[in-house]
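In case you want the letters, here they are:
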Amino acid sequence: MEGSGGEGRRRRGGSGTMVPLALLIGEEARMEKMEHPRVRYGCAAQSKKGEDYFLIRTDCQRVHGDPSSSFSVFAVLDGHNGNAAAIYTRDNLLNHVMSAIPHGLGREQWLQALPRALVAGFVKTDKEFQRKGQTSGTTVTFVIIDGWTITVASVGDSRCILDAQGGVVSALTVDHRLEENVEERERVTASGGEVGRLSIVGGAEIGPLRCWPGGLCLSRSIGDMDAGEFIVPVPYVKQVKLSKAGGRLIIASDGIWDALTSEMAANSCRGLPAELAARQVVKEALRTRGLKDDTTCIVVDIAQPDHLEPPPSPPKKLNKFKSFILRKKSKDSANKLAKKLSAVGIVEEIFEEGSAMLAERLGNDSSADKPSNMFTCAICQANLAPSEGVSVHAGSIFSTSSKPWEGPFLCADCRNKKDAMEGKRPSGVRVL
């Protein structure tokens, strides 16, 4: 995939004359090829229950009709208690995320708006699916690649890892399994859920930790209306920027991760092109554990247009900490820092947030730039009269705003959803 968000600007030549349009377009096209990577991908799967699904879109555009604004989307969805939630999420989540991003943003603003839009899109997808009255649920690992910037949002225990140049593997997701995630266990119990193992005759407890009611092993998912609304759809979101050295993403369901560690998965397919790499990861998982669950894997290689080979195996004596550093982006001199990081092969961490509280995730909005007679729900984008909207910060101890009358605003339905997720009212959805 080529393309990104270069906004056109009029330039003058050294003599002060206007540059011909054709020359300018040619220059912009050459810059696009130099500045933006090619994306190559492969997908492989083996079905056991028929509840794994995936999404691959390489033709998305931030600005409709503008090829230079293109971006790619990859997602793995692992359904449970049926496939309805996975199918609905695959077909609707992208549209819900995009509808939460304001129109007319430049590329950098668009990327900055993505984390919040992903939260809104996940919650809206969950809300709309639960209206159907179906008890199915699904994990989601949702990846957006725009230029060298990767944004990942996830609920559940599907996973996305980054295998950067030099052979260092890092996780771009967090597993929401109650067995391993202490913070999520505490959140669920604080919101009114109970966490425990399955009891059998005689009082013995077996299996992994589960949330009751419902008996789900996960603390976050889309769907699962029978499991209590403390099982939330609010995703962990991470955004990083690769250096021009590129890297490889492995996005997979737990059929892979229950058999292989992140390092094992990355090591098993190094040196192979993406399509063969995905097959090899699935093959290695089946060899290790057998086909005990649906097993789905997407491999995505991100590289410069003239360098399409997959990441090579690292030298045996390579100091990994020198070859790859994950660090947070400085707010000062951001552009200069980005160039320096890219030059030495460092992956830049731009954003990371995993709170389940919407008051934290949706941030603050000043209503100064809003029309006086119209507001928009931050989750479902419904138009609201000023008297209808309720601030996401109103009555929330998790608010980052000192002015709870400011936005973002929620409609009454989404406010009820928020309160239920935070344990402020009995869980349960009224099916229309």
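Residues numbered from 1 in each chain as written. Predicted model: local features only at pLDDT ≥ 70, side-chain atom pairs only at ≥ 80, totals over all residues. Heavy atoms only, no water.

Caption draft 1: Layout of the sheet that holds strand S6 (residues 159-164). Strands sit in the order S1-S13-S12-S6-S7 across an open sheet of five strands; the sheet is antiparallel. Whereas interior strands pair on both sides, the edge strands pair on one side only; in this sheet they are strand S1 (38-46) and strand S7 (169-171). Shown here is a sheet whose adjacent strand axes are inclined to one another by a mean of 20 degrees, direction ignored. As defined by bridge partners, S6 adjoins strand S12 (residues 247-252) across six bridges and the pair is classed as antiparallel. Bridging across to S12, Leu162 finds its partner in Leu249. With respect to the sheet, helix H7 (residues 274-289) is in contact with S1, S12 and strand S13 (295-303), its orientation differing from that of S1 by roughly 30 degrees. (Pairing = 2+ DSSP bridges. Helix = DSSP H or I, 4+ residues; strand = E, 2+ residues; numbered from the N terminus. Axes fitted to C-alpha atoms, helices over the stretch in contact; angles between N-to-C directions. Contact = heavy atoms within 4.5 Å.)

Caption draft 2: Examining a nonpolar patch on the surface more closely. On the surface, Leu198, Ile200, Ile206 and Trp212 cluster together into a nonpolar patch covering about 310 Å² of accessible area. Along the chain, the position of Trp212 falls in strand S9 (residues 205-212). (Patch = residues over 30% accessible without salt bridge, like charges linked within 9 Å, V, L, I, M, F, W, Y side chains within 5 Å. Areas by Shrake-Rupley, 256 points an atom, 1.4 Å probe, with all protein chains shown as cover. Salt bridge = Lys/Arg side-chain N within 4 Å of Asp/Glu carboxyl O.)

Caption draft 3: Geometry of the pattern of salt bridges. The tally for this structure, following the rule as stated, stands at 24 salt bridges. Between Arg177 and Asp157 there is a salt bridge, and its shortest N-O distance comes to 2.7 Å. A residue pair is termed long-range when its members are at least 10 positions apart, and Arg177 in the loop between S7 and helix H4 (182-190) and Asp157 in the loop between strand S5 (149-155) and S6 qualify at 20 residues. The same class applies to Arg177 and to Asp157, which are both buried. (Buried < 20%, exposed > 50% of the residue type's maximum accessible area, 1.4 Å probe, protein only.)

Caption draft 4: Inspection of the packing of helix H6 (residues 262-269) against H7 at higher detail. Following both chains from N to C, one finds H6 and H7 inclined at 130 degrees, their axes separated by 8 Å at the closest point. Relative to H7, the element H6 is oriented oblique. You can see that H6 and H7 cross each other, and the crossing is right-handed. For the pair formed by H6 and H7, the contact residues are Ala265, Ser268 and Cys269 on the first element and Ala277, Gln280, Val281 and Glu284 on the second. A class-by-class count of the residues in the contact of H6 with H7 yields four nonpolar, two polar and one charged. (Parallel < 35°, antiparallel > 145°, perpendicular 65-115°, else oblique. Left-handed = near helix turned anticlockwise from the far one by under 90°. Nonpolar A, V, L, I, M, F, W, Y, C, P; charged D, E, K, R; others polar.)

Caption draft 5: Representation of unusual backbone geometry within the structure. Pro213 follows Trp212 through a cis peptide bond whose omega is 10 degrees. Relative to the helices and strands, Pro213 is located in the loop between S9 and strand S10 (222-223).

Caption draft 6: How the structure looks around the packing of aromatic side chains. Counted according to the given criterion, the structure contains four aromatic pairs. Ring geometry for Phe122 and Phe142: centres 6.5 Å apart, planes at 90 degrees, overall edge-to-face. With Phe122 in helix H3 (residues 107-130) and Phe142 in strand S4 (residues 137-146), this pair connects stretches of sequence that are 20 residues apart. Taken as a pair, Phe122 and Phe142 share a single burial class, namely buried. Of note, Arg62 hangs over the ring of Trp110, and the distance from its end group to the ring centre comes to 5.8 Å. (Phe/Tyr/Trp six-rings, centres within 6.5 Å; stacked < 30°, edge-to-face > 60°. Lys NZ or Arg CZ within 6 Å of the ring centre and 35° of its normal.)

Caption draft 7: Summary view of the pairing of S5. In terms of burial, S5 is largely enclosed, as seven of its seven residues are buried. The alternating pattern of S5 places Thr149, Thr151, Ala153 and Val155 and Ile150, Val152 and Ser154 on opposite faces, both of which are buried. Summarising the sheet, S4 and S5 pair through seven bridges and their orientation is antiparallel. Paired with Val143 across the bridge in S5 is Val152. Adjacent in sequence and paired antiparallel, S4 and S5 are bridged by two residues, among which Gly147 carries a positive phi angle near 65 degrees. When S5 meets strand S11 (residues 236-241), the two strands line up antiparallel, connected through six bridges. In the sheet register, Ser154 faces S11, and the bridge partner there is Tyr236.

Caption draft 8: The arrangement of H6 in detail. Here H6 has its buried residues at Ser262, Ala265, Ala266, Ser268 and Cys269. Considered in projection along H6, the buried side chains sweep an arc of 160 degrees and stay on one side of the axis. On its buried face, H6 is in contact with S6, S7, S12, helix H5 (254-257) and H7. (Arc of directions from axis to C-beta.)

Caption draft 9: Highlighting the nonpolar core. Core analysis: the biggest nonpolar cluster contains 26 residues, and Val73, Leu118, Phe122, Val140, Phe142 and Ile144 have the highest contact counts within it. At the level of elements, strand S2 (52-61), strand S3 (70-80), helix H2 (84-99), H3, S4 and S5 are the ones that each hand at least two residues to this core. With seven residues, H3 is the largest single contributor of residues to this core. Not counting the four nearest positions on each side in its chain, Leu118 is found in contact with Val97, Phe142, Ile144, Thr151, Ala153, Pro235 and Val237. (Core = buried A, V, L, I, M, F, W, Y, C linked by side-chain atoms within 4.5 Å.)

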